[in-house]
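These are the residues of each chain, in order.
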Amino acid sequence: VLKEERQGTYLAQDGLRYVDEHREALSWSDAEIALAAEAKLVPELTRQHENAERERNDARARADEAKALVDAKRTRRQDTEGRYKAVEAKRNLERDELEATGIEDASDQALARAANDVTTLDGEARALDEQQRKLGQGEATLEERLGQREETLTGASADLDAREKEWKPNQDAWDRLR
């Protein structure tokens, strides 16, 4: 009987030693479920991060296109202004030549052509100014959106990093326990 009692005591002692040695692992009984829930967040955060990058790249592309369009319009406007100034200079030169000849009555044809050219080029310059203003506003809007997308991307990246830091040690501990 004493032998049986001693055997029972040894078994109880072995059980207590096992529980003491594996106490941390036993408290992790729901760790796999919690780790799985945290791991499910990673694909969504990754998707959000990729969407934010894609939106940022799209916004950059649109901003670059708008800048190129603004530059093209600016060049066209400058060309128009150059032609306008050339026509105006030609008209002034012709007027000076006419005055130098002493003829008081200028040729209606020459003056009408020059005035018509000046009016046409002035209208083009005004139209280009308006287009350039509108493109500048669009460019500013796209730059603002780009800034917002970059902030979103930064936030998503930080959130992803934080979540990975939270669940990675738990994953490593779980992998060691297996």
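Up top you'll find the structure we're talking about.
Residues numbered from 1 in each chain as written. Predicted model: local features only at pLDDT ≥ 70, side-chain atom pairs only at ≥ 80, totals over all residues. Heavy atoms only, no water.

Asks: How do you make sense of the overall build of the protein chain when you look at a structure like this?
Replies: A tally of helices and strands in the protein chain yields four helices and zero strands. Reading the secondary structure of the protein chain in the N-to-C direction produces α-α-α-α. Relative to its full complement of 178 residues, the protein chain shows a buried share of 19%. Sequence-distant contacts in the protein chain: of pairs separated by 6 or more residues, those separated by 24 or more amount to 92%. In the structure as shown, the protein chain presents an accessible area of about 13,200 Å², 50% of it carried by carbon and sulfur atoms. (Helix = DSSP H or I, 4+ residues; strand = E, 2+ residues; numbered from the N terminus. Buried < 20%, exposed > 50% of the residue type's maximum accessible area, 1.4 Å probe, protein only. Contact = heavy atoms within 4.5 Å. Areas by Shrake-Rupley, 256 points an atom, 1.4 Å probe, with all protein chains shown as cover.)

Asks: Just checking my understanding: could you explain the pattern of salt bridges for this structure?
Replies: One side chain can pair with another of opposite charge once the charged atoms of both are near each other. Evaluated as defined, the whole model comprises twelve salt bridges. Between Lys 67 and Glu 143 there is a salt bridge, with its nearest N and O atoms 3.5 Å apart. Here Lys 67 is found in helix α3 (residues 31-101), whereas its partner Glu 143 is found in helix α4 (residues 108-177), with 76 residues between them in sequence. The class of Glu 143 is partly exposed, set by a relative accessible area of 33%. Close ionic contact of Asp 122 with Arg 126 constitutes a salt bridge, the shortest N to O distance being 3.0 Å. One end of the pair is Asp 122 and the other is Arg 126, both in helix α4 and four residues apart, which spans about a single turn. Connected through shared salt-bridge partners, Arg 77, Glu 81 and Asp 129 make up one network. (Salt bridge = Lys/Arg side-chain N within 4 Å of Asp/Glu carboxyl O.)

Asks: What should I look at first to understand the side chain of Lys 73 in this one?
Replies: As for its position among the elements, Lys 73 is in helix α3. One polar contact links Lys 73 to Gln 131, side chain to side chain, over a distance of 3.1 Å. The residues contacting Lys 73, other than those within four sequence positions of it, are Leu 128, Gln 131 and Leu 135. (Polar contact = N/O pair within 3.5 Å; in protein donor to acceptor, adjacent residues only side chain to side chain.)

Asks: Help me out: how do you make sense of a negative patch on the surface in this one?
Replies: Taken together, the side chains of Glu 94, Asp 96, Glu 97 and Glu 99 make up a negatively charged region of the molecular surface. Counting through the fold element by element, Asp 96 comes out in helix α3. Classification of Asp 96 as partly exposed rests on a relative accessible area of 47%. (Patch = residues over 30% accessible without salt bridge, like charges linked within 9 Å, V, L, I, M, F, W, Y side chains within 5 Å. Lys, Arg positive; Asp, Glu negative; His and termini not counted. Charge placed at Lys NZ, Arg CZ, Asp CG, Glu CD.)

Asks: Honestly, the side chain of Glu 139 in this entry has me stumped. Any pointers?
Replies: Of note, Glu 139 is situated in helix α4. Despite its burial, Glu 139 remains without a salt bridge, the nearest opposite charge being carried by Lys 67 at 4.6 Å. Among all residues touching Glu 139, those that are not within four sequence positions of it are Ala 66, Lys 67 and Val 70.

Asks: Explain the environment of Ala 140 here, please?
Replies: Along the polypeptide, Ala 140 turns up in helix α4. Accessibility expressed as a relative area gives 45% for Ala 140, which makes it partly exposed.

Asks: Sorry, what's going on with the environment of Val 87 here?
Replies: Inspection of the secondary structure puts Val 87 in helix α3. Residues Val 87 and Arg 113 lie 26 residues apart in sequence; the distance between their C-alpha atoms is 9.8 Å. With residues up to four places along the chain from it excluded, the contact list for Val 87 reads Ala 114, Asp 117, Val 118 and Leu 121.

Nothing here speaks to function; it is geometry throughout.
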